[in-house]
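Here's the letter readout for the chains.
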Amino acid sequence: MNGVDFAVPVIFGEVLFDCFPDGNSVLGGAPFNVAWHLQAFGLSPLMVSSIGDDELGRKVSLAMQDWNMSAEGMQMDSGHPTGSVDIEFVDNEPRYTIVEQRAYDHIDAASLPALPDNRLLYHGTLALRNSVSREALSALKSDHSGDVFMDVNLRDPWWDRPFVLDMCSDADWVKLNHDELAMLASGQGSVDSQAAAFISDHALKGLVVTLGDRGCLLYTSDAA
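Scope of this entry: the structure provided in the associated data block. (Residues numbered from 1 in each chain as written. Predicted model: local features only at pLDDT ≥ 70, side-chain atom pairs only at ≥ 80, totals over all residues. Heavy atoms only, no water.)

### Topic: the overall build of the protein
Within the protein, the secondary structure is distributed over 6 helices and 12 strands. For 224 residues, the compact-globule estimate of 2.2 N^0.38 gives 17 Å, and the C-alpha radius of gyration of the protein, at 18 Å, lies within 12% of that figure. Dimensions of the protein, computed from C-alpha atoms along their principal axes, come out at roughly 50 × 50 × 35 Å. Scored against the burial criterion, the 224 residues of the protein give a buried share of 45%. Excluding contacts between residues fewer than 6 apart, the proportion of contacts in the protein whose partners are at least 24 apart in sequence is 67%. (Helix = DSSP H or I, 4+ residues; strand = E, 2+ residues; numbered from the N terminus. Rg over C-alpha atoms; globule rule 2.2 N^0.38 Å. Buried < 20%, exposed > 50% of the residue type's maximum accessible area, 1.4 Å probe, protein only. Contact = heavy atoms within 4.5 Å.)

What follows is the structure, given as structure tokens:
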């Protein structure tokens, strides 16, 4: 792009479908959505995940093919189905069940693709609920010298505060929402003070705090 040498985004984590009571399903998962949009920007991300040998998995493959996304990092798991979230409505309010033991919980470290030398590593937190995928991310990090961007996504009961904080300390950049910041930060008071404490506690280069319909805030370690 205009002669600029961008790092290749390596995106690690869940690919899943939101499954509605009427039978409709919507492809997503925070890491996959990031890869999808980076592809739209022409950055050719490498998505590292796992899908089942099933109808939903085939939908993922076709969607990536239609969008000209690289499938080199996508694993096929014949023993676990493609990720899904079951959605039901109770008193007109949605309730979500993030189904466990899905293919993205079993990303295999031994089947990771060859990685570009110049890369940025992005990962979320949901896929790390299982030790198999944790080991795969650890293998990626062991051979990685660039920046690590962590996208916090706290979904009960699939997160553990000490583990998430350890992952933050192993990242360079972290993104979370203001409620997640309040749950994880050691500082008190305003979002600004909590963000400053969070950056200091985890030696981050930067922190992105989303505020819903009010936009987001970007904090950096070298800000005045």
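### Section: helix α4 (residues 161-169)
Among the residues of α4, those classed as buried are F163, V164, L165, M167 and C168. In this structure D160 caps α4, since a side-chain oxygen of it lies 3.1 Å from the backbone nitrogen of F163. (Polar contact = N/O pair within 3.5 Å; in protein donor to acceptor, adjacent residues only side chain to side chain.)

### Here we look at the layout of surface pockets
Approximately 480 Å³ is the volume attributed to the largest pocket. Only β2 (16-19), β7 (93-98) and β10 (173-177) provide two or more residues apiece to the lining of the largest pocket. With 3 residues, the top contributor of residues to the lining of the largest pocket is β7. Here the lining of the largest pocket is composed, by residue class, of 9 nonpolar, 5 polar and 7 charged. (1 Å grid on protein atoms, 1.4 Å probe; cavity = no way out; pocket = protein on both sides within 12 Å on 5 of 7 lines; lining within 4 Å. Points joined across faces, edges and corners; volume = space filled by probe spheres on them. Nonpolar A, V, L, I, M, F, W, Y, C, P; charged D, E, K, R; others polar.)

### Describing unusual backbone geometry
Looking along the chain, the bond that leaves D156 and enters P157 is cis, with omega of -5 degrees. Within the secondary structure, P157 is located in the loop between β9 (148-151) and α4. A positive phi angle is found at S44, which is not glycine, with a value near 50 degrees. On the secondary structure map, S44 appears in the loop between α1 (30-40) and β4 (46-52).

### Here's the deal with the pattern of salt bridges
Any two side chains of opposite charge can pair, on the condition that their charged atoms come close. Applying the stated rule across the entire model yields 6 salt bridges. Taking the shortest distance from any N to any O, the salt bridge between K141 and D170 comes out at 2.9 Å. With K141 in helix α3 (residues 131-142) and D170 in the loop between α4 and β10, this pair connects stretches of sequence that are 29 residues apart. (Salt bridge = Lys/Arg side-chain N within 4 Å of Asp/Glu carboxyl O.)

### Regarding the nonpolar core
Judged by nonpolar contacts, the single largest core of 33 residues is most densely connected at V174, L176, F198 and L207. Broken down by element, this core gets its largest block of residues, 5 residues, from α4. Setting aside residues up to four positions removed in sequence, L207 forms contacts with W173, V174, L176, L181, A195, F198, I199, L217, L218 and Y219. Within the second largest apolar cluster, 15 residues are counted, among which are V15, F17, I51 and M64. (Core = buried A, V, L, I, M, F, W, Y, C linked by side-chain atoms within 4.5 Å.)

### Quick word on the environment of V10
Tracing the backbone through its elements, the reader meets V10 in strand β1 (residues 8-12). Assessed through its relative accessible area of 1%, V10 is described here as buried. Separated by 169 residues in the primary sequence, V10 and D179 place their C-alpha atoms 27 Å from one another. Filtering out sequence-adjacent residues up to four positions away, V10 remains in contact with L46, V48, L115, P116, R119, L120, L121 and Y122.

### Here we look at the sheet that holds β2
With mixed pairing, 4 strands are arranged side by side in an open sheet as β3-β2-β6-β7. Both outer strands of the open sheet, β3 (25-28) and β7, are each paired with one neighbouring strand and no more. Going across the sheet, the axis of each strand differs from the next one's by a mean of 25 degrees, ignoring polarity. Sheet topology places strand β6 (residues 83-90) next to β7; 6 bridges connect them, and they run antiparallel. Note that in β7 the partner of E88 across the bridge is R95. Running at roughly 55 degrees to β3, helix α2 (residues 55-66) makes contact with β2, β3 and β6 of the sheet. (Pairing = 2+ DSSP bridges. Axes fitted to C-alpha atoms, helices over the stretch in contact; angles between N-to-C directions.)

### Some words on the pairing of β10
Strand residues, when the strand is regular, have side chains that alternate between the two faces of the sheet. On β10, burial follows the alternation: V174 and L176 on one face are buried, whereas W173, K175 and N177 on the facing-out side are not. Two elements, β9 and β10, share 3 bridges in a ladder whose sense is parallel. When the bridges of β10 are listed, F149 appears paired with W173. In this fold, β9 hands off to α4, which returns the chain to β10; that crossover is right-handed. The sheet contact formed by β10 and strand β11 (residues 206-210) spans 5 bridges and is parallel. Directly across from K175, in β11, lies its bridge partner V208. (Right-handed = clockwise from strand over helix to strand, strands pointing away.)

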